[in-house]
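Each chain, written out:
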Amino acid sequence: MKVKINAERCQGHGRCYDLAPGLFGDDEEGYGQVLGDGVVPPGEEQTARLILANCPERAIEIL
Amino acid sequence: MTVDDRFEQDLMETVRDRVIDPRSAIITGPVSDWATDFSHAEPEWAADPYLIQDELRERCPIAHTERFGGGWLPTRYEDVAAIAYDTDRFSSRAIIMSNVRPPLELAPVGGVPPISSDPPFHHDARKLLLPAFTKTEVAKQEQATRAFCHALIDELQGQPVIDAARDYAQHIPMRVIADMLGFPPEDGPQFREFVEHALEGVNAPPEERVPRIQKLFDYLLTQIRDHVDNPRDDLTTYLINIELYGQKLAPTHVAGTMSLLLIAGIDTTWSAIGASLWHLAKTPADRERLVAEPGLLPTAIEELLRAYAPVTMARLVKADMHWNGVDMKADDWILLSFPAANRDPAQFDRAGEVVIDREINRHAAFGLGIHRCAGSHLARMELRIALEVWLERFPDFSLADPAAVTWATGQVRGPRTLPLRIG
C-alpha cells in the first residue's frame, strides 16, 4: 500500500500530518507532503485509510 | 535610502466608499419565515442556529432572504462545498453579509486580502502569509501560550464562578495575535471593540459604521507608523517590507491584512474555546472522559470544531444564474454556513450529536477550497493548549446558570458570557 497527495486538491488543512506524522509532513507553506516513498509500513494500513477518510479536500489517494 | 511614505495619508480617504453606500435598506426584527426571510443578525439565530438550519435543510435547502439586499443560505454540505470551490461564479469581494456591497473594482483584491481576494491575485497574496502560519511555525508559540493560560487561571483561582468566555477564552487569541503582529498586549479591550463592530454591527447605519472603521484604521496606522520607525521581528514589519510583483504592498493591503489577522485571529478562536468549554460544562460524561484520557483531546477537538464550528463566511454571486434550482442575481449574498454543512446527516453519521471520539470527521470548520482558514494551525494549537490547561487546573466544572450564557450574533458564533461553577 502506498499513499499519495493530490497537490491540486490539497489546501494545507494538515489533517494528514496531524494524524500520521510518520507518513506525512508539512512543507514551508503548510501543504501536506508524503514522507519518503509513501509506502505504508505493514500494520499502518488502517491509519492510512483513516487519513483518507479525514482529509476535508479528499486529496489523499491510496494506491 | 528612500523614506517609506506610504502610510502618511489617512487610509479612510481610500476606504470610505466601501463602507458607506448601503445599497440595501436595513431590515431588522423577528424573522417571519426562515426559508424566505432568514437573518443571521437576529437573536433567535444567535441562540440556536442549528435547529433553524436542520429544519431548512429538510424543507428548503437553499433558503432566501430579501434582507441585506437579497441573499441565499444553503444548508447542505454538498451545496456549501460546491460554492466554496466555485470561485468563478462566487466572489469573495465581500465576506461579511451586510447592507453594503463594496464596489466591483475592489475585486480581485478586496478590502482585507487574502480572505477577500479572488483568483489569481488571491494565491499570491495568500502565499505571503502562509509561512508564518504553518503547524511547524506556530508550534514555536506553544510554550508561551501555555504559560499565558496558566497565568490567566492563577488570577481566577479561588473564585467559585468564573466567566470563562470573558475572563479566559477571549484573552488567549488576543495575546497570541498581538504578539504575532507586535501590538501592545494591553490593547486587548480595543481589539474586542473592533471585533464586535466588524462582525456584530452588520445592521448598524453608516453614520455608526464609518467612525468605527475609522477608529480601527487609525489604530492600525498608529501601529504601522511605529513599525516603520522601529522595525522589529513581527508580522507588521514583515507586511510593511514584503514585496509582491516586485513592489511593496499598497498601504490599504497592509492595513487590510492586518485588520483581517487581528479580527479573524481573535473572535474565531475565542468562540471555539468558549463553545468547547460550554459543551464540556453541560456534558459531564465528555468532561470526565477527557480528564481521564487526555490523549483523546485532539480527536475531541475536531468533533467540537465540527459541531460548534464558529465561522460562517459570505460570498457575492458574480452574475445572474440558475443554480441548483434557484435563480440567483448578480450581487446576491451567499451566507456560506460551514456550521450547517457540518451538521448535514448526508455527510455525517449522528450529525446532530457530539461524539467526542469520532474518528472519521471530514468537517469544514476551517472552510474548503482555496480560502481554507490560513490560521487553522494556530487556532488548533490555541484551542488544544487552552483546553489542556483548563482541564488540568479545573477538572470539575459545570454551567453556573445556563440561562445566563449569551452567544455572539452574526457570522462568528461563540459564547460571550459563560459563567462556570468550579468544583
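Just so you know, the residues in each chain are numbered from 1, in the order the chain's sequence is written. Note on labels: chains are lettered from A, ligands numbered from 1, in written order. The model is predicted, so local features are restricted to residues of pLDDT at least 70 and side-chain atom pairs to those at 80 or more, both for listing and for counting; the totals for chains, interfaces and linings are taken over all residues. Remark: hydrogens and water are excluded; side-chain values derive from all non-hydrogen atoms of the structure.

- Chain B is annotated in an unreviewed UniProt entry as Cytochrome P450 from Acrocarpospora corrugata.

- Chain A appears in an unreviewed UniProt entry as Ferredoxin from Acrocarpospora corrugata.
- Per UniProt, chain A has the following entry under Cofactor (unreviewed entry): "[3Fe-4S] cluster". UniProt positions are given in the numbering used here, feature names are shortened, and annotations may be inferred rather than shown by experiment.

1. A short note on the pairing of strand β10 (residues 333-337) of chain B
All names here are of chain B.
Here comes step 1: We call a residue buried when its accessible area falls under 20% of the maximum for its residue type, exposed when it is over 50%, and partly exposed in between, using a 1.4 Å probe and counting protein chains only. The way it works is that DSSP assigns letters per residue, a run of H or I at least four long becomes a helix, a run of E at least two long becomes a strand, and they are numbered from the N terminus. Judged by how many residues are buried, β10 sits mostly within the fold: five of five residues are covered.
Here comes step 2: Any two strands are treated as partners once DSSP identifies two or more bridges connecting them. Bridging between strand β2 (residues 71-74) and β10 involves two bridges; their strand directions are parallel. Looking at β10, one finds that tryptophan 72 is bridged to isoleucine 334.
Here comes step 3: Direction of pairing for strand β7 (residues 312-317) relative to β10: antiparallel, over a ladder of five bridges. Within β10, the position partnered with arginine 315 by the bridge is isoleucine 334.

2. A word on the sheet that holds β7 of chain B
Pairing between the strands of a sheet comes from backbone hydrogen bonds, and it takes one of two forms, parallel or antiparallel.
All names here are of chain B.
Here comes step 1: Strand order in the open sheet made by the five strands is β1-β2-β10-β7-β3, with mixed pairing throughout. Edge strands, defined here as strands with exactly one partner in the open sheet, are β1 (62-65) and β3 (90-91).
Here comes step 2: Every residue pair with non-hydrogen atoms within 4.5 Å of one another is taken to be in contact. Where helices are involved, their axes are fitted lines through C-alpha atoms of the stretch in contact, as for all axes, and angles between N-to-C directions lie from 0 to 180°. Across the sheet, helix α4 (residues 77-85) lies against β1, β2, β3, β7 and β10, angled at about 120° from β10, the strand it touches most.

3. Details of helix α7 (residues 142-156) of chain B
Residues and elements named next belong to chain B.
Here comes step 1: The end-to-end C-alpha distance of α7, which contains 15 residues, comes to 21 Å, matching closely the 21 Å that a straight helix rising 1.5 Å per residue would cover.
Here comes step 2: Taken together, the buried positions of α7 are occupied by Thr145, Phe148, Cys149, Leu152, Ile153 and Leu156. Projected down its long axis, α7 carries its buried residues within an arc of 135°, all on one side. Among the exposed residues of α7, those pointing more than 90 degrees away from its buried face are Gln143, Ala144 and Glu155.
Here comes step 3: Of the surrounding secondary structure, the elements contacted by the buried residues of α7 are β4 (161-163), α8 (164-169), α9 (171-181) and α17 (376-393).
Here comes step 4: Taken from the residues just after α7, glycine 158 is the one with a positive phi, measuring 105°. Expected span of a helix, by definition, is 1.5 Å for each gap between consecutive residues, and there is one gap fewer than residues. Picture the helix axis, draw a direction to every C-beta atom, and the arc is the one those directions span.

4. Structural notes on helix α3 (residues 49-59) of chain B
Residue and element names in this part refer to chain B.
Here comes step 1: Residues Pro49, Tyr50, Ile52, Gln53, Leu56 and Arg57 constitute the buried set of α3. The arc that holds the buried residues of α3, viewed along the axis, is 160°, so those residues lie on one side. Opposite the packed face of α3, turned more than 90 degrees from it, sit the exposed residues Leu51 and Glu58.
Here comes step 2: Residues of α3 that are buried in the fold lie against α2 (43-47), β1, β2, α15 (297-307), β10 and α16 (338-341).
Here comes step 3: Here a polar contact is taken to be a pair of N or O atoms separated by no more than 3.5 Å, where protein atoms must pair a possible hydrogen donor with a possible acceptor and residues adjacent in sequence count only if both atoms sit in side chains. Put simply, aspartate 48 is the residue that caps the front of α3, since its side-chain oxygen is 3.0 Å from the backbone nitrogen of tyrosine 50.

5. Brief notes about the packing of α7 of chain B against α17 of chain B
Residues and elements named next belong to chain B.
Here comes step 1: It is at 9 Å that the axes of α7 and α17 come closest, and there the two elements cross at 40°. Put simply, α7 runs oblique to α17. Crossing angle aside, the handedness with which α7 passes α17 is right-handed. Together, Glu142, Thr145, Arg146, Cys149, His150, Ile153 and Asp154 of α7 and Met381, Arg384, Ile385, Ala386, Glu388, Val389, Trp390, Glu392 and Arg393 of α17 make up the contact between the two elements.
Here comes step 2: When residues are sorted by character, Ala, Val, Leu, Ile, Met, Phe, Trp, Tyr, Cys and Pro go into the nonpolar class, Asp, Glu, Lys and Arg into the charged class, and all the rest, Gly among them, into the polar class. Split into classes, the residues belonging to the contact of α7 with α17 amount to seven nonpolar, two polar and seven charged. Angles are sorted into four bins: roughly parallel if under 35 degrees, roughly antiparallel if over 145, roughly perpendicular if 65 to 115, and oblique for all others. The handedness criterion is simple: a crossing whose near helix is rotated anticlockwise from the far helix by less than a right angle is left-handed, and one whose near helix is rotated clockwise is right-handed.

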